[in-house]
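Topology and contacts: notes
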Amino acid sequence: MLIEETNVPDVALPIAAFKAHMRMGTGFAEDTLQEAVLGSFLRAAMAAIEARTGKVLIEREFTLSVTSLADRASLGLTVAPVTVIADVQRVSRSGAQQVVNADVYWLERDTHTPRLKAASAALPAPETGGELRVRLLAGYGPEWDDVPLDMQQAVLMLAAHYHEYRHDTALAAGCMPFGVTSLIERFRVMRLGRGGVQT
């Protein structure tokens, strides 16, 4: 289970870039009435792209909780890029928390699949009914300019699509324009199914 502990702050949303992308009029008194609406489309677009790619765009804190380890040598962190492991805790079924010594593990950085790796033989396993909690910081950076340019363009395009079709209730679930999917394709994690088939 992955829990998002912090949200994207309003100041990090590219409202001005979105207005420019939408070619909204300028030269009049600063109009902030629509900024909340535009921000909601940007948040929706970012969430959709993060879900498709497994990449966190704007840096945020997360907690990953697991009840068992398939591989005691490492644990996949499900989001990328991960920059910091804040701490690891073993939580008993009664809720008692024990911080794991940082010398026991290390962060294997990876563009697609970062992992928590055992420094020696194995990671500490959660007890039956308990869990292992990993608090981490993930994202390209705290500012919009830290996001790769093609991902920025994909967010603006998808937010504009949501804005244009905001009253259309007939769109298929998960509908995403081709231009957006082509921009984010290289960020998606490649998975191999049975027989080595790419999915």
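Being a predicted model, the structure only gives us computed values, none of them experimental.

Calculation criteria
- Sequence order as written defines residue numbering, which begins from 1 separately in each chain.
- Residues qualify for local features only when their pLDDT is at least 70, as the model is predicted, and side-chain atom pairs are given and counted only at 80 or more; totals for whole chains, interfaces and linings, by contrast, use all residues.
- Side-chain measures here rest on the full set of heavy atoms in the structure, leaving out hydrogens and waters.
- Under the scheme applied here, a residue whose accessible area is under 20% of the maximum for its type counts as buried, over 50% as exposed, and between as partly exposed, the area being computed with a 1.4 Å probe on protein chains only.
- Strands here are runs of E lasting at least two residues and helices are runs of H or I lasting at least four, both read from the DSSP assignment and numbered beginning at the N terminus.
- Any two strands between which DSSP finds at least two bridges are classified as paired.
- Should a side-chain nitrogen of Lys or Arg be within 4 Å of a carboxyl oxygen of Asp or Glu, the pair is scored as a salt bridge.
- Only C-alpha atoms enter the line fits that serve as axes; for helices the fit covers just the stretch in contact. Angles between N-to-C directions range over 0 to 180 degrees.
- The labels follow the angle: roughly parallel below 35 degrees, roughly antiparallel above 145, roughly perpendicular from 65 to 115, and oblique for the rest.
- Working rule for handedness: look at the near helix, and if it is turned counterclockwise from the far one by less than a right angle, call the crossing left-handed; if clockwise, right-handed.
- Contacts are assigned to residue pairs with any non-hydrogen atoms lying within 4.5 Å of each other.

Across the two faces of strand β6 (residues 105-108) the burial differs, with Tyr 105 and Leu 107 buried and Trp 106 and Glu 108 not buried at all. One ladder, built from four bridges, connects β6 with strand β7 (residues 115-118); its direction is antiparallel. Its bridge partner being in β7, Glu 108 is matched across the sheet by Arg 115. What sits between β6 and β7 in their antiparallel hairpin is a turn of six residues.

Scanning the entire structure with this criterion turns up nine salt bridges. For Glu 50, the salt bridge identified is with Arg 60, shortest N-O distance 2.8 Å. Of this pair, Glu 50 sits in helix α2 (residues 35-53) while Arg 60 is found in strand β2 (residues 60-66), placing the two residues ten residues apart along the sequence. By relative accessible area, which is 14% here, Glu 50 ends up buried. With a closest N to O distance of 2.5 Å, Arg 133 and Glu 131 form a salt bridge. For Arg 133, a relative accessible area of 27% corresponds to the partly exposed category. A residue is classified by how much of its surface remains accessible, and Glu 131, at 17% relative accessible area, is buried. Each of the salt bridges in this network shares a partner with another, and the network as a whole consists of Glu 4, Glu 50 and Arg 60.

Turning next to the packing of α2 against helix α3 (residues 149-164). One can describe the packing of α2 onto α3 by two numbers: an axis separation of 8 Å at closest approach and a directional angle of 125°. Considering their axes alone, α2 and α3 lie oblique with respect to each other. Crossing handedness for the pair α2 and α3: right-handed. For the pair α2 and α3, the contacting residues are Leu 38, Phe 41, Leu 42, Ala 44, Ala 45, Met 46, Ala 48, Ile 49 and Thr 53 in the first and Met 151, Ala 154, Val 155, Leu 156, Leu 158, Ala 159, Tyr 162 and His 163 in the second.

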